[in-house]
Amino acid sequence: MQFFLDTANIEAIKKYAAWGVVDGVTTNPSLISKEGVSLEKRIKEILEVVDGPISTEVIAADYEGMLEEARKYAKWHKNIYVKVPITQDGLRACKTLSAEGVNVNVTLIFSAGQALLAAKAGATVVSPFIGRLDDICQDGMELIAEIAQIFGNYDFKTKILVASIRHPRHVIDAARLGASIATVPPEVFDLLIKHPLTDIGLKKFLEDWEKVKDLK
Ligand code: G3P
């Protein structure tokens, strides 16, 4: 399973990349806007830190505009994955860009039908937003199971990039379902590594060591 970081914060990206478990980064317009720097500047900084897929999203809503932006981003680096939304124009853009060899991340996926269309249009990855489904009382993980079954049935090469992750359970359940990638927000990485029994165990080891450390 691959882990991507779901943030545009460069300090966080440096911190978690140093853990050695970050395979890529996903951004979106909301994450970039939190940073107060230009999209181009930040994406180029991220490319310096992480040698793996870096998703950057088009802003244009029309086919031609999406192509123009996507081609510009794709020229920045071979690791760029261009994110397009699952709209009629986005689907067309996905087909065209994929045929040109651009890696496309089809985003804002909330149904298996949308994921199936994106896969048929040649998407490299689809991004189902599971947390936002959970937020409206739908089962986000059930969507991952449906997409995994469909992609498996037809041997689609498109990978499932589980997005809108809110907590460690989402990561574990996505892994159990065999999702290829989870894009994990920094705070969820912190929760993933933590366990109170680890803290208690470490404290006890150190206390016990104190009792004998000066013995010759
Ligand atoms: O990368 C997009 C996605 O992960 C959004 O997450 O928390 O805004 O639903 P969230």
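Since the model is a prediction, treat every value here as computed from it, not as a measurement.

### Observations concerning the overall build of the chain
A tally of regular secondary structure across the chain gives eleven helices and eight strands. Buried residues in the chain amount to 44% of all 216 residues. Residue pairs in contact within the chain that sit at least 24 positions apart in sequence constitute 57% of those at least 6 positions apart. When the accessible surface of the chain is summed, it comes to about 11,400 Å², and 56% of that surface belongs to carbon and sulfur atoms. Each charge class in the chain can be summarised by its mean position, and for the 26 positive and 29 negative side chains these summaries are 3 Å apart.

### Some points on the nonpolar core
Within the largest apolar cluster, 59 residues are counted, with the highest numbers of intra-cluster contacts made by I43, V82, V84, L97, V106, I147 and V162. In contact with V84, other than residues within four places in its own chain, are V58, G90, C94, L97, V104, N105, V106 and T107.

### Re the side chain of S164
Relative to the helices and strands, S164 resides in the loop between β7 (159–162) and α9 (168–176). Here S164 falls in the buried class, since its relative accessible area comes to 9%. Here R166 takes part through its side chain, which lies 3.3 Å from a polar atom of the side chain of S164. Among all residues touching S164, those that are not within four sequence positions of it are F129, I130, G131, R132 and H170.

### Regarding the site of the ligand
Neighbouring the ligand are D6, N28, K83, F129, R132, A163, S164 and R166. Interatomic distance of 3.4 Å between a side-chain N/O atom of K83 and an oxygen atom of the ligand. Protein contacts shield 81% of the accessible area of the ligand, which totals 310 Å² for the unbound molecule. Classifying every residue of the shell around the ligand gives two nonpolar, two polar and four charged.

### Some remarks on helix α1 (residues 10–17)
All of the buried residues in α1 are I10, A12, I13 and Y16. On an axial view of α1, the arc spanned by its buried residues comes to 160°, and they lie on one face. Among the structural elements, β1 (2–6), β2 (24–26), α3 (39–49) and α10 (186–193) are those in contact with the buried residues of α1. Capping the start of α1, N9 holds a side-chain oxygen 3.2 Å from the backbone nitrogen of E11, two or three residues further along.

Rules of the game
- Residues numbered from 1 in each chain as written.
- Predicted model: local features only at pLDDT ≥ 70, side-chain atom pairs only at ≥ 80, totals over all residues.
- Heavy atoms only, no water.
- Helix = DSSP H or I, 4+ residues; strand = E, 2+ residues; numbered from the N terminus.
- Buried < 20%, exposed > 50% of the residue type's maximum accessible area, 1.4 Å probe, protein only.
- Contact = heavy atoms within 4.5 Å.
- Areas by Shrake-Rupley, 256 points an atom, 1.4 Å probe, with all protein chains shown as cover.
- Lys, Arg positive; Asp, Glu negative; His and termini not counted.
- Charge placed at Lys NZ, Arg CZ, Asp CG, Glu CD.
- Core = buried A, V, L, I, M, F, W, Y, C linked by side-chain atoms within 4.5 Å.
- Polar contact = N/O pair within 3.5 Å; in protein donor to acceptor, adjacent residues only side chain to side chain.
- Near = heavy atom within 4 Å.
- Nonpolar A, V, L, I, M, F, W, Y, C, P; charged D, E, K, R; others polar.
- Arc of directions from axis to C-beta.

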